[in-house]
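Each chain, letter by letter, is given below.
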Amino acid sequence: MDHLLDQPVLVLNRLWQAISTCSARRALLLLYQGHAQVVSMDAADNFLTHNFFSWRDFSATNPEPHMIQTISMRIRVPRIIVLALFDRLPKKEVKFTRLNVFERDKNICQYCGGFFDQSSLNLDHVIPRHRGGLTTWENIVCSCIPCNTRKGNRLPHEAGMQLLRKPKRPKWRPFVNITFNGGIDRSWSHFIDLAYWNVELGD
Ligand SMILES: [Zn+2]
């Protein structure tokens, strides 16, 4: 079994983009020196940051089964650190583009559940435009052409159709290419997925 201090930690730069991984040993050293802060997520997937002292206190109030034991304290193994000298959480958002909608919906028609090539998919306004529906993440879904035709200018229930899931704005996940040789923590998925595309969708 890997020693706790050898566990991989995801390293983010000041823009909160994943740039590498390091050992928990190095992460704690950077934390202690004030060169990095620990990133954790609360139950609602909000990011919290901690300096050495607040991480120590967080560890005491939120213990885990496996913690690093020193003479004077037990401290949690960080999963993510962000390098120092940032002053706020990132405001980056996933661009609202045709390809990013396909990516969010995984090329699956949100009405029939079928998987399609992108050339066989349309973007559907859930609430039709002439009924006041907006061109937004929350009102646009992937739809295959037969479903799109069947729905026409109606609301889904009017056409006897149902969405697989409620469309939402996706979380920002910057593109990064890191080779992982350790386990990937669930929390990393916010930072290490996905390529991005560049054309904003207009209305
Ligand atoms: Zn369909």
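Residues numbered from 1 in each chain as written. Predicted model: local features only at pLDDT ≥ 70, side-chain atom pairs only at ≥ 80, totals over all residues. Heavy atoms only, no water.

(A) Here's a closer look at the overall build of the protein. Scanning the protein for helices and strands turns up 4 helices and 9 strands. For the protein, the N- to C-terminal ordering of α and β elements is β-β-α-β-β-α-β-β-β-α-β-β-α. Expressed as a percentage of the 203 residues in the protein, the buried residues total 39%. In the protein, the share of contacts with a sequence separation of at least 24, taken over all contacts with a separation of at least 6, comes to 57%. Of the roughly 12,100 Å² that the protein leaves accessible, carbon and sulfur atoms contribute 53%. (Helix = DSSP H or I, 4+ residues; strand = E, 2+ residues; numbered from the N terminus. Buried < 20%, exposed > 50% of the residue type's maximum accessible area, 1.4 Å probe, protein only. Contact = heavy atoms within 4.5 Å. Areas by Shrake-Rupley, 256 points an atom, 1.4 Å probe, with all protein chains shown as cover.)

(B) Seen up close, the coordination of the zinc ion. In this structure, Cys109 (SG), Cys112 (SG), Cys144 (SG) and Cys147 (SG) serve as the protein donors to the zinc ion, at separations of 2.2 to 2.3 Å. Every donor counted, the 4 donor atoms about the zinc ion form angles of 100 to 117 degrees at the centre, which fits tetrahedral coordination. Mapped onto the sequence, the residues coordinating the zinc ion show the spacing C-x2-C-x31-C-x2-C. Side by side, Cys144 and Cys147 carry an identical accessibility label, which is buried. (Donors = N, O, S within 2.8 Å, 3.2 Å for Na, K, Ca; no water. Tetrahedral: all angles 85-135°; square planar, octahedral: opposite > 155°, others 65-115°.)

(C) Structural context of the environment of Arg25. Of note, Arg25 is situated in helix α1 (residues 24–32). Expressed as a C-alpha distance, the spacing of Arg25 and Pro8, which sit 17 residues apart in the sequence, is 9.1 Å. If we skip the residues at most four places from it in the chain, Arg25 touches Leu5 and Asp6.

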